[in-house]
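# Descriptive structure summary
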Amino acid sequence: MLRIGQTVADISLKTTVGEFGVHEYFKDSWGLLVCYVADFSAVCTDELSQLVKNFHEFESRGIKILAMSCDSINSHAKWIEDIKKVSGLKHEGEFPFPIVSDRNRMISLYLNVLDAKCMDEDGIPLPCRAAFVLAPDMTIQLIHFYPQNIGRNFDEIFRTIDALQLTFKFSNDLHTPCGWKPVADCLISSKIPKDEIEKKFPSTTVIELPSGKDYMRIVSKIEVNRKIKK
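Presented here is an overview of the structure given in this document. Here the structure is a predicted model, which is why all the values come from computation and not from measurement.

## A look at unusual backbone geometry
Positive phi outside glycine occurs at Asp28, with the angle close to 60°. By secondary structure assignment, the location of Asp28 is in the loop between α1 (22-26) and β3 (30-35). A residue is classified by how much of its surface remains accessible, and Asp28, at 63% relative accessible area, is exposed. The phi torsion at Asn172 lies on the positive side, around 65°, for a residue other than glycine. Examined against the element boundaries, Asn172 turns out to sit in the loop between α6 (154-169) and β10 (174-175). Taking the relative accessible area as the measure of exposure, Asn172 reaches 44% and is therefore partly exposed.

## Remarks on the environment of Val100
Mapping Val100 onto the fold places it in strand β5 (residues 99-101). Leaving out residues up to four positions away in the same chain, Val100 has contacts with Leu13, Lys14, Thr15, Leu66, Ala67, Met68, Ser69, His76 and Ile107.

## Here we look at the packing of helix α2 (residues 42-53) against helix α4 (residues 73-87)
It is at 8 Å that the axes of α2 and α4 come closest, and there the two elements cross at 65°. Of the two elements, α2 crosses α4, and the hand of that crossing is right-handed. Residues Cys44, Thr45, Leu48, Ser49, Val52 and Lys53 of α2 lie in contact with α4, whose contacting residues are Trp79, Ile83, Val86 and Ser87. Class assignment for the residues of the contact of α2 with α4 results in six nonpolar, three polar and one charged.

## Overview of the sheet that holds strand β11 (residues 186-188)
Taken in spatial order, the four strands make up an open sheet running β10-β11-β13-β12, and their pairing is antiparallel. Both outer strands of the open sheet, β10 and β12 (205-206), are each paired with one neighbouring strand and no more. When β12 meets strand β13 (residues 217-219), the two strands line up antiparallel, connected through two bridges. By the bridge assignment, Thr205 is partnered in β13 with Ile218.

Cut-offs and rules
- Residues numbered from 1 in each chain as written.
- Predicted model: local features only at pLDDT ≥ 70, side-chain atom pairs only at ≥ 80, totals over all residues.
- Heavy atoms only, no water.
- Helix = DSSP H or I, 4+ residues; strand = E, 2+ residues; numbered from the N terminus.
- Buried < 20%, exposed > 50% of the residue type's maximum accessible area, 1.4 Å probe, protein only.
- Contact = heavy atoms within 4.5 Å.
- Axes fitted to C-alpha atoms, helices over the stretch in contact; angles between N-to-C directions.
- Left-handed = near helix turned anticlockwise from the far one by under 90°.
- Nonpolar A, V, L, I, M, F, W, Y, C, P; charged D, E, K, R; others polar.
- Pairing = 2+ DSSP bridges.

This is the structure we're talking about:
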């Protein structure tokens, strides 16, 4: 079972743009790996069309995208034409990211994404609707699993990527609260001593709690944004 913080293995991939390894593809960049149930299915096609439409939003955050399905490369090539149509991408336009073929389910087994009940016509398990966000050091930072009949929420993936990239910039001294967005205040890690907080984030507010513990330490978005610009 893969865990947050674990380094993803350098798996060899067969894709619509050739063969390469996971580490070679994502090399030194943030990555989004999205797993799909099957080619030519409505929800998967709709999701991939959204990825195409939002490609530049991911690109602006330094995110490289890699999609995966259990069908063949030839099937993917035909499916891409449908995705282009639904997304509005010009027919002759280049598809912006590769799609991996996982016919033998070995990658799905490694990622532990196979659905317990969703099978293909031969009775072989299919992947759930999974998403993994990888940091530039190839560690897993986010894992999302959805069932086959529910489309995932890319707004939430954008939100968590923004949060991850912010916390990485501050060496995880900062945490983000529930529902955080880039315009919201942040929390200070409880591992940072008081004297260090005063040096790093002088505008921090500590909420007095009935427990007497001082772990609710809030730093304003203005202070955070000011330090990012430096």
